[in-house]
Number of protein chains: 4
Amino acid sequence: SDGEKKIRRFSCRLSDLASWENLWKAILGEFIGTFIMMYVGLGAILAQDELLYVALTWSLIMPVLISIFGKISQALFNPAITVVFWLLEDITLLQAIFSVFAQLLGSAAASALQLQLWPLDTRKPYYDGCTFNVPIGDKSGTQRGLINEVVTTCILVFLLLSLTHRGPTAELQHPQTLLVAMAVGATIFCMVMVGAPISGASLNPARSFGPSLVANYWDDHWVFWAGPIIGALLGMSIWYTFVRKVYITEEKKDS
Amino acid sequence: SDGEKKIRRFSCRLSDLASWENLWKAILGEFIGTFIMMYVGLGAILAQDELLYVALTWSLIMPVLISIFGKISQALFNPAITVVFWLLEDITLLQAIFSVFAQLLGSAAASALQLQLWPLDTRKPYYDGCTFNVPIGDKSGTQRGLINEVVTTCILVFLLLSLTHRGPTAELQHPQTLLVAMAVGATIFCMVMVGAPISGASLNPARSFGPSLVANYWDDHWVFWAGPIIGALLGMSIWYTFVRKVYITEEKKDS
Amino acid sequence: SDGEKKIRRFSCRLSDLASWENLWKAILGEFIGTFIMMYVGLGAILAQDELLYVALTWSLIMPVLISIFGKISQALFNPAITVVFWLLEDITLLQAIFSVFAQLLGSAAASALQLQLWPLDTRKPYYDGCTFNVPIGDKSGTQRGLINEVVTTCILVFLLLSLTHRGPTAELQHPQTLLVAMAVGATIFCMVMVGAPISGASLNPARSFGPSLVANYWDDHWVFWAGPIIGALLGMSIWYTFVRKVYITEEKKDS
Amino acid sequence: SDGEKKIRRFSCRLSDLASWENLWKAILGEFIGTFIMMYVGLGAILAQDELLYVALTWSLIMPVLISIFGKISQALFNPAITVVFWLLEDITLLQAIFSVFAQLLGSAAASALQLQLWPLDTRKPYYDGCTFNVPIGDKSGTQRGLINEVVTTCILVFLLLSLTHRGPTAELQHPQTLLVAMAVGATIFCMVMVGAPISGASLNPARSFGPSLVANYWDDHWVFWAGPIIGALLGMSIWYTFVRKVYITEEKKDS
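Residues numbered from 1 in each chain as written. Chains lettered and ligands numbered in written order. Predicted model: local features only at pLDDT ≥ 70, side-chain atom pairs only at ≥ 80, totals over all residues. Heavy atoms only, no water.

As for the overall build of chain A
Summing up its helical and strand segments, chain A has ten helices and zero strands in all. The helix and strand sequence of chain A, counted from the amino end, reads α-α-α-α-α-α-α-α-α-α. Taken over 255 residues, chain A has a buried fraction of 64%. Within chain A, counting contacts between residues at least 6 apart in sequence, those at least 24 apart form 78% of the total. Accessible surface computed for chain A: about 9,100 Å², of which carbon and sulfur atoms make up 64%. (Helix = DSSP H or I, 4+ residues; strand = E, 2+ residues; numbered from the N terminus. Buried < 20%, exposed > 50% of the residue type's maximum accessible area, 1.4 Å probe, protein only. Contact = heavy atoms within 4.5 Å. Areas by Shrake-Rupley, 256 points an atom, 1.4 Å probe, with all protein chains shown as cover.)

Some thoughts on the interface of chain C and chain B
Much of the literature gives interface size as the accessible area that the parts lose upon coming together. Contact with chain C, which involves 40 residues of that partner, is made by 37 residues of chain B. Interface area, chain C with chain B, both sides summed: about 3,400 Å², of which 76% is carbon and sulfur. Contact with chain B buries area across many residues of chain C, yet Leu179(C), Val194(C) and Phe242(C) alone supply 17% of it, more than any other trio. The tally of links between chain C and chain B comes to zero salt bridges. (Buried area = accessible area lost by both parts, 1.4 Å probe. Salt bridge = Lys/Arg side-chain N within 4 Å of Asp/Glu carboxyl O.)

Overview of the packing of helix α3 (residues 51–73) of chain B against helix α8 (residues 176–199) of chain B
Residue and element names in this part refer to chain B. α8 packs onto α3 with a crossing angle of 150° between their chain directions and a minimal axis gap of 8 Å. By the criterion of interaxial angle, the relationship of α3 to α8 is roughly antiparallel. For α3 against α8, the interelement crossing comes out right-handed. Contact residues: α3 offers Leu 51, Leu 52, Ala 55, Leu 56, Trp 58, Ser 59, Met 62, Pro 63, Ile 66 and Ser 67, while α8 offers Thr 177, Leu 178, Ala 181, Met 182, Val 184, Gly 185, Ile 188, Phe 189, Val 192, Met 193 and Ala 196. Counted by class, the contact of α3 with α8 contains 17 nonpolar, four polar and no charged residues. (Axes fitted to C-alpha atoms, helices over the stretch in contact; angles between N-to-C directions. Parallel < 35°, antiparallel > 145°, perpendicular 65-115°, else oblique. Left-handed = near helix turned anticlockwise from the far one by under 90°. Nonpolar A, V, L, I, M, F, W, Y, C, P; charged D, E, K, R; others polar.)

Section: a negative patch on the surface
A cluster of acidic residues, Asp49(A), Glu50(A), Asp49(B), Glu50(B), Asp49(C), Glu50(C), Asp49(D) and Glu50(D), forms a negative patch on the protein surface. Mapped onto the fold, Asp49(A) is located in the loop between α2 (17–47) and α3 (51–73). (Patch = residues over 30% accessible without salt bridge, like charges linked within 9 Å, V, L, I, M, F, W, Y side chains within 5 Å. Lys, Arg positive; Asp, Glu negative; His and termini not counted. Charge placed at Lys NZ, Arg CZ, Asp CG, Glu CD.)

Concerning the relation of the copies chain C and chain B
Once turned by 90° and shifted 0.0 Å along the axis, chain C lies on chain B with an RMSD of 0.0 Å. Given the turn and translation reported, the copies of this chain are related as if by a four-fold rotation axis. Measuring from the rotation axis to each C-alpha of chain C, the shortest distance belongs to Leu179(C), at 5.5 Å. Little of the interface of chain C is mirrored in chain B, where only 10% of its interface residues again form contacts. (Least-squares fit on C-alpha atoms with pLDDT ≥ 70 in both.)

Remarks on the interface of chain D and chain A
Of the residues lining the interface, 38 residues belong to chain D; the matching set on chain A comes to 40 residues. For the pairing of chain D and chain A, the buried interface totals around 3,400 Å² over both sides, and the portion due to carbon and sulfur atoms is 75%. The largest contributions to the chain D side of the interface with chain A come from Tyr53(D), Leu117(D) and His174(D), which together make up 19% of the buried area. Applying the counting rule to chain D against chain A returns zero salt bridges. There are four residue pairs in polar contact (both at pLDDT 80 or more) connecting chain D and chain A. Of all the secondary structure elements, the ones that give two or more residues to the side of chain D that touches chain A are α1 (2–12), α2 (17–47), α3 (51–73), α5 (93–117) and α8 (176–199) of chain D. (Polar contact = N/O pair within 3.5 Å; in protein donor to acceptor, adjacent residues only side chain to side chain.)

Details of the relation of the copies chain D and chain A
Taken as rigid bodies, chain D and chain A are interconverted by a rotation of 90° and an axial shift of 0.0 Å, the fit giving an RMSD of 0.0 Å. When the interface residues of chain D are mapped onto chain A, a mere 11% of them again lie at the interface, so each copy presents a different face.

Here's the deal with the side chain of His221(A)
Residue and element names in this part refer to chain A. With respect to the secondary-structure elements, His 221 resides in the loop between α9 (205–215) and α10 (223–254). In terms of polar contacts, His 221 uses its side chain to reach the side chain of Ser 212, at 3.4 Å. Not counting residues up to four positions away in its chain, the partners in contact with His 221 are Ser 208, Phe 209 and Ser 212.

Some thoughts on a nonpolar patch on the surface
Residue and element names in this part refer to chain A. Taken together, the side chains of Trp 20, Trp 86, Leu 87, Leu 93, Leu 94, Ile 97, Phe 98, Phe 101 and Leu 233 make up a nonpolar region of the molecular surface, amounting to roughly 810 Å² of accessible area. Counting only elements with at least two residues in the nonpolar patch, the list comes to α4 (79–87) and α5 (93–117). For the nonpolar patch, the element with the most residues is α5, which contributes five residues. Mapped onto the secondary structure, Leu 233 falls in helix α10. Residue class for Leu 233 comes out partly exposed when judged on its relative accessible area of 30%.

With respect to unusual backbone geometry
Despite not being glycine, Glu89(D) has its phi angle at roughly 60°, a positive value. Of note, Glu89(D) is situated in the loop between α4 (79–87) and α5.

What about empty space enclosed by the protein?
In total, this model carries five cavities of 30 Å³ or more according to the counting rule given. In this model, the largest cavity occupies a volume close to 1,200 Å³. For the largest cavity, the lining is made up of 50 residues, of which Leu60(A), Met182(A), Leu60(B), Leu60(C) and Leu60(D) are closest to its centre. Counting residues per element, the ones that place at least two in the lining of the largest cavity are α3 and α8 (176–199) of chain A, α3 and α8 of chain B, α3 (51–73) and α8 (176–199) of chain C together with α3 and α8 of chain D. Of the residues that constitute the lining of the largest cavity, the class distribution is 42 nonpolar, eight polar and no charged. (1 Å grid on protein atoms, 1.4 Å probe; cavity = no way out; pocket = protein on both sides within 12 Å on 5 of 7 lines; lining within 4 Å. Points joined across faces, edges and corners; volume = space filled by probe spheres on them.)

A closer look at the packing of aromatic side chains
By the definition in use, this model includes 24 aromatic pairs over all chains. Look at Phe69(D) and Phe77(D): their rings are 5.9 Å apart centre to centre, the planes differ by 85°, and that puts the pair in the edge-to-face class. Assessed through its relative accessible area of 0%, Phe69(D) is described here as buried. Across from the ring centre of Tyr240(A), 4.1 Å away, lies the NZ or CZ of Arg244(A), which sits over that ring. In this structure, Arg144(B) packs its charged tip against the face of Trp118(A), placed 4.9 Å from the ring centre. (Phe/Tyr/Trp six-rings, centres within 6.5 Å; stacked < 30°, edge-to-face > 60°. Lys NZ or Arg CZ within 6 Å of the ring centre and 35° of its normal.)

Comments concerning α8(A)
Residues and elements named next belong to chain A. With 24 residues, α8 should reach 34 Å at 1.5 Å per residue; the first-to-last C-alpha distance of 34 Å fits that figure. The largest bend in α8 is about 40°, located at Met 193, with the proline Pro 197 one to four residues further on. In terms of burial, α8 is largely enclosed, as 22 of its 24 residues are buried. Two residues or fewer past α8, Gly 200 is found with a positive phi of approximately 85°. (Expected span 1.5 Å × (residues − 1). Bend = angle between axes of the 7 residues up to and from the residue.)

Quick notes on helix α9 (residues 205–215) of chain D
Residues and elements named next belong to chain D. Burial analysis of α9 places ten of its eleven residues in the buried class, the great majority of the element. Taken as a whole, α9 has its buried residues at Pro 205, Ala 206, Arg 207, Ser 208, Phe 209, Gly 210, Pro 211, Ser 212, Val 214 and Ala 215. Measuring from the side-chain oxygen of the N-cap residue of α9 to the backbone nitrogen of Ala 206 gives 2.9 Å; that N-cap residue is Asn 204. Immediately downstream of α9, the backbone of Asn 216 shows phi near 50°, a positive value.

A few points about the environment of Ala96(D)
Residue and element names in this part refer to chain D. Position of Ala 96 relative to the elements: it lies in helix α5. Spatially, the C-alpha atom of Ala 96 lies 16 Å from that of Pro 228, the residues being 132 residues apart in sequence. Residues contacting Ala 96, with those up to four places away along its chain left out, are Thr 82, Trp 86 and Ile 91.

Digging into the side chain of Thr57(B)
Looking at the secondary structure, you find Thr57(B) in helix α3. The class of Thr57(B) is buried, set by a relative accessible area of 0%. Apart from the residues within four sequence positions on either side, Thr57(B) is in contact with Val40(B), Ala44(B), Phe189(C), Cys190(C) and Met193(C).

Quick look at the pattern of salt bridges
Residue and element names in this part refer to chain B. In this structure the tally under the stated criterion is four salt bridges over all chains. For Glu 21, the salt bridge goes to Lys 25, with nearest N and O atoms at 3.3 Å. Of this pair, Glu 21 and Lys 25 both sit in helix α2 (residues 17–47), four residues apart, which is roughly one turn of the helix. Judged by its relative accessible area of 10%, Lys 25 is buried.

What follows is the structure, encoded as structure tokens:
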């Protein structure tokens, strides 16, 4: 998309002020987007006891945020996906690093605000390490949790890239982007259904970081960094070697 | 959109009869739209005990109403959003004032009709101050309720304006508007999930006014005026200073 | 749409064999469509005890059927809506009469097939007069049930016509029709949520006829003919005098 | 679609290396797609006790997979549908045979991976013959189960072909295909609601094969081959003699 190229151009010419503005907008976009994602997603977890309510909320807020922030900041909201987009050269290293900080900050700020509405002493389990239902305490639990985070993030990233990185998609305008974003939301719903009872289905280090920080609870926190990042790299690799080739070949034949 | 400009032109020339007709249509549209919204939304609350049923009903009826009444009356149905659209000069002050009256009247009429199907003595809690689950009775509850109404309406209005006030959207035709309206419905679902247990997630003074009137219950009613209006102004400000600029800049570069 | 005009032309020239073929297709389409609607919708009622499951099933199968049978038979599946389309001259009287017979036959056939899977002695309440939860037995219940059927069908038909009978919609192609049909499905979901506990939310004489026939249960059956037909006529009138004018005026100004 | 024709061309000229590549991609696509479908769908069954969660997961993952793999492998993921597409000459016999093997392999691999997260001794009923709720053990149960699999697969294939095999659809681009795929997902949701309590609503031999293999449970397994295949052939026949003709006639008149 246009925003993409503008920011990439910035990596070449640091003197280009317009690009600095774009970078600043992208970072601020990541902060606001992750803040809303976490305020809404964590809020649903704190306010509702029912997994379906939580899963639907996550799967419905994400398409809205993706369609709004897609052209502003690539709508990453997730350090694991940020790494993938940097490796695919969709964003520069500088934007990637700043984006991760903005995501962690947005997650922490939203968690702190929710703490005012749902104090820690009444809702402690919901702030603890991003697990809704089952804490991954013992060794076997940690291992299952790690496998779960790896596989679900792998599937998420594979499907996400297959949906968004297609030739004809590049020219998508609002509101067509909403349809693609809805498919991403549907994927997130499925991953929560499959993974929530095992490890809470974080899929996102930033999503786990904020609640862990305000609750000062760090048991097994590394799982929610290692799992999603390993899974995202795996999902990207499968997409890169298989699906990407298909569409590149097709585009060549079209033109 | 066309309807927008026609009505704005009316504010200049009061002698333009065609515009008077448009204004009348807009007011009647706000009445009918708010009546259906309240008959359906309040009806679901009265008929069902399950929050999910209520949240889904609100989030599914709104896109239908928005796509139908968008070109007739801007599909406001909410005094807080009416204020925002007036400040953004999407509607004149006269249309804004009449719209709010039509919304309150529509809400009251729908509540009165539901009262025939679900008498007050059997369903009193559901008519009381728009709270489904938790009455905000004590001081601390009122404060949490106000914060909740402010933040959720702020997010709603920020996302709503980001979705609907975009350059290319202006030319959207039916049924593309439905996709954008569905995203608004998805946002409403999320806000209900986050806010219902705290203050009933009104987000809309007209939504609270009707049931309060037929039940003659006014405790904490001011929260459902102050909260949504403050939140809407906040959401508009964040949108105005951040997202609006992004798309204006982009449009300039496109043309 | 094209199919519409072809059939209307038929009403003028009875010798036009191609039109006889179109009429035959339309009648067969109403039979197959109503059969699938009833097999799926009644099947969900028989198989599931949860209202949400039933409401989602109805609201998801209808858009699929509407988008498929729209160009074949106008996708009526409902005697009350058939009357409305005849009054609006979308179909001829002949097509209307045959369509109603096909709908009743399709509903009866689907109910008879479901009877093989869910015998009457185990699932009697679900076949009785289309009420899922609350039978409308006493006088007061019948009155509330009638009001409920009138108002919900009125809203359904008002929203349905507002969604489908719009200038630009006429040229809609697959899959854009799916978006409009989804909005109709969303409306049906809302009507079920509002009306199911009062009268089962039939909204459709054909929907009530089939199960009543196989169960030989006719108490209050007239409510499910009078209610939807009165409501449909009311909804059409409001649409005709208000929304239709708006879009006609707009189209004139466009051309 | 393009991919379709390329593969069909391959059936004529075996020396065309590019087509061998397309065939290989199609087979690999069926493996990956069925693997994700089964990992997600079976995973939801294993992780959740609630039918709604399972039905929503299946109905949301399918549109994503169909829109991604449609141009790669026709997104079959189902031996019964593979037979239909072969009879309709959408795929060659060679592709059909390899696709079925890839589907069975993908289903088995996903079931084996889920076995690591949810061991057989804790979740045995969920691996047994694809029934979530009600085992079809006695004679009467088997007969009802067979009827159920036949009728639901018949409706699924009839609606699927009516949605996807339409003139104007052929040129559909991403993300418009998503809308059609969503309608397929909605149909699957409805079939699960109608059929799950009777026979688990498999609709797909590959879906039943994987879990049966890892649990080494083969009681009534033939039902999940015979039922879906008979139903699919029935659904195709009804579509072929009725709906297909309508659109072919229409296209001729258009051109």
